[in-house]
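Analysis of the macromolecular model
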Amino acid sequence: MLALKGIPVSNGAAIAKAYCLVEPDLSYSKKTFQNTDAEIMRLNEAINHTKIEIEHIQTAATQKYGEDKGAIFGAHLLVLQDPELFNGVAEKIKSGMNAEQALDETTQFFLQMFEDMDNDYMKERAADIRDVSKRVMAQLLGVELPDYSRINEDVIIVANDLTPSMTTQLDSTYVKGFITNVGGKTSHTAILARAMDIPAIVGAKSATLDIQHGEGLIMDGSTGEIFINPTNEYIAQYKQLEDELKQSKQQLEKYSQLKSVSKDGHVVELAGNIGKPQDVASVLAVGGEGIGLFRTEFLYMDRLDLPSEDEQFTSYKEVLEALNGKPVVVRTLDIGGDKNLPYLKLPEEMNPFLGYRAIRLCLDRQELFRIQLRALLRASVYGNLKIMFPMIATLEEFRMAKVILEEEKEKLLGENIPVSEEIEIGLMIEIPSAAMIADLFAKEADFLSIGTNDLIQYTLAVDRMNENVSYLYQPYHPAILRLVKMIIDAGHAEGKWVGMCGEMAGDSIAVPILLALGLDEFSMSASSILSVRSQLVTLSKEQLVPHIQNLLQLSTAQQVERVVKNILK
Ligand code: PEP
Ligand code: MG
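Model, not experiment: these values are computed from the prediction.

Points about the sheet that holds strand 1 (residues 2-5)
- With mixed pairing, the 8 strands of this open sheet are ordered in space as 1-8-7-3-4-5-6-2. On the outer flanks of this sheet lie strand 1 and strand 2 (7-10), each paired with one strand and no other. Put simply, the sheet's adjacent strands are angled 30° from each other on average, direction ignored.
- Sheet topology note: the strand 5 (residues 175-180)/strand 6 (residues 200-202) ladder contains 2 bridges and is parallel. Among the inter-strand pairings, Phe178 is bridged to a residue of strand 6, identified as Ala200.
- Across the sheet, helix 7 (residues 188-196) is in contact with strand 2, strand 5 and strand 6; its angle to strand 2 comes to roughly 50°.
- Sitting on the sheet, helix 9 (residues 232-252) is in contact with strand 3 (13-21), strand 7 (216-220) and strand 8 (225-228), with an inclination near 110° to strand 3.

Considerations on the packing of aromatic side chains
- Within the structure shown, the criterion is met by 9 aromatic pairs.
- With a centroid separation of 5.8 Å and 55° between ring planes, the pair formed by Phe227 and Tyr238 is classed as tilted. A residue pair is termed long-range when its members are at least 10 positions apart, and Phe227 in strand 8 and Tyr238 in helix 9 qualify at 11 residues. With respect to burial, Phe227 and Tyr238 carry one shared label: buried.
- Ring centres of Phe447 and Trp497 lie 4.6 Å apart, and the angle between their planes is 5°; this geometry places the pair in the stacked category.

Examining the site of ligand 1
- The full set close to ligand 1 counts 15 residues, and His188, Arg295, Gly451, Asn453 and Arg464 are the nearest of them.
- Within the side chain of Arg295, one N or O atom sits 2.8 Å away from an oxygen atom of ligand 1.
- Between ligand 1 and Lys339, the relevant distance is 3.5 Å, taken from an oxygen atom to a side-chain nitrogen or oxygen of the residue.
- Taken by itself ligand 1 offers 290 Å² of open surface, and the protein chains cover 100% of this.
- Elements with a contribution of two residues or more to the shell around ligand 1: helix 7, strand 10 (291-295) and helix 18 (452-459).
- When residues in the shell around ligand 1 are grouped by element, the largest group, 3 residues, is from helix 18.
- For the shell around ligand 1, the class distribution of residues is 4 nonpolar, 5 polar and 6 charged.

Focus: the domain arrangement of the protein
- By domain assignment, the protein separates into domain 1 (2-22 + 148-248), domain 2 (36-141) and domain 3 (258-568).
- The C-alpha-based centres of domain 1 and domain 3 are spaced at 28 Å.
- Taken residue by residue, the interface counts 20 residues in domain 1 and 17 residues in domain 3.
- Taking both partners together, domain 1 and domain 3 bury about 1,600 Å²; carbon and sulfur atoms supply 55% of that area.
- Between Arg194 and Glu503 there is a salt bridge; the shortest N-O distance is 2.6 Å.
- Run the count over domain 1 and domain 3 and you get 10 residue pairs in polar contact (both at pLDDT 80 or more).
- Looking at the side of domain 1 that touches domain 3 element by element, the count peaks at 5 residues for helix 7.

Description of the pairing of strand 16 (residues 521-524)
- The side-chain alternation of strand 16 yields two buried faces, one formed by Glu521 and Ser523 and the other by Phe522 and Met524.
- Pairing of strand 9 (residues 269-274) with strand 16 involves 4 bridges; the strand directions are parallel. Counterpart to Leu270 in the pairing with strand 16 is Phe522.
- As defined by bridge partners, strand 15 (residues 497-500) adjoins strand 16 across 2 bridges and the pair is classed as parallel. Paired with Gly499 across the strands is Glu521, a residue of strand 16.

Calculation notes
- Residues numbered from 1 in each chain as written.
- Chains lettered and ligands numbered in written order.
- Predicted model: local features only at pLDDT ≥ 70, side-chain atom pairs only at ≥ 80, totals over all residues.
- Heavy atoms only, no water.
- Pairing = 2+ DSSP bridges.
- Helix = DSSP H or I, 4+ residues; strand = E, 2+ residues; numbered from the N terminus.
- Axes fitted to C-alpha atoms, helices over the stretch in contact; angles between N-to-C directions.
- Contact = heavy atoms within 4.5 Å.
- Phe/Tyr/Trp six-rings, centres within 6.5 Å; stacked < 30°, edge-to-face > 60°.
- Buried < 20%, exposed > 50% of the residue type's maximum accessible area, 1.4 Å probe, protein only.
- Near = heavy atom within 4 Å.
- Polar contact = N/O pair within 3.5 Å; in protein donor to acceptor, adjacent residues only side chain to side chain.
- Areas by Shrake-Rupley, 256 points an atom, 1.4 Å probe, with all protein chains shown as cover.
- Nonpolar A, V, L, I, M, F, W, Y, C, P; charged D, E, K, R; others polar.
- Domains from an automatic or database assignment.
- Buried area = accessible area lost by both parts, 1.4 Å probe.
- Salt bridge = Lys/Arg side-chain N within 4 Å of Asp/Glu carboxyl O.

Given below as structure tokens:
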């Protein structure tokens, strides 16, 4: 039995077979052949098998994830039937190339042609051609491509990396957990694992080399431990752990009906973070008192093009209605960093987290920003909407975003479309420059929401995705605590409420500190709400407040953790 260790990012234990999502080797030799007709037949067979394969995937994807996902594979079937592409391959076979080389060269020719065109639609088709050609090549070589939409038994996914978009496609009926070689605690992939409530370990460096497809695995998402081909003794031990975790989850259920209040009667709001309207149910099931962060970029992902104003309106309305008057904080598009929209064809960047993303992109590409704002404003009459802008670094950005919002509101009113008069407008404080002038923002915003995932990354200059520097990703670093205090005080000085929607809001060491600092709203993955609520009833704000001065004077994150643990004893 071999043991590995990674960064634990989503609690829980899982025991299942490994499903390795490793890119297969599709290299081929340029061998010649005797019979042209037989080679063309081999090509046609590969195309036919690919067609059956894509049809299966299309059906599975439509059933599991809806028409939108299915449509992606519909487009692939069209490519497969494109006579220009495959006649070209047959011609090359006739000139003496084997099917693999003919397919590769023809594909490269079309890819080059499409990618050079100044036409987004044609550029997207290039991606389809690449995908379909890869499938045909795999058929020719007799190599199996990984395809998680067809998983129909319990597995633990093992991959070099999973993009947020791949993660949302995992079917938690069968996927019991995942392990990746790279990644950090607050990468969006890790955040999604917590939202989906499946155990996850990232940054396990050599996992894809050490683990073979089909091998038995145990993973512990609380410690980061992975056991390959575990002994029966280990399996029994972890089965017991699984049962205990299930039981403690059940014991927490009673808190779903209770208010979020500390032992000494201080009431806070515990809200949920969501990415899609479907996520609302899990927040309401645990008695979430609102949505503190709707990451709208997930509405834009896994599609072939931008969602229309009407599509977005429908999603926002659905969430607002489901919350039935409870607050819903919608964050405008935060694309960039580790969240990519291939169809926007954004240029590759050296430092994507510091680059052309979020509000910067929206203020530059106002046509897409305005569509989102219109959809939000139209939906505002269906509930308690609050809008916030991400990645604000300067006051000018915030002012500009508000002006555009106001312009869209005026246009809608001019078209006799009703808009709520009660919408609060706020921003995420996730860049140190914004934190330092939180007092100025507080004068112009209705609320502030602290985005600690990015605030920690930018304050400590530590890439939140990079497992090699994850030791520096320190939520309890005194600099972070001081910044958080500054932001909360700045909001309160102007009579504004202050929330936190970064992962720190659900952290059991941070919660007592945040309570003492007076944070008003804690927003987190639905799966953390009950444990935070159960912790709150054990804490007295009044007794914690006197410790704050001392905590803020400590010099290291380790000391902070130790002192908080002592206080909680
Ligand atoms: C944050 O940065 O804390 C945050 C909530 O936003 P995201 O994790 O989506 O960057
Ligand atoms: Mg952020």
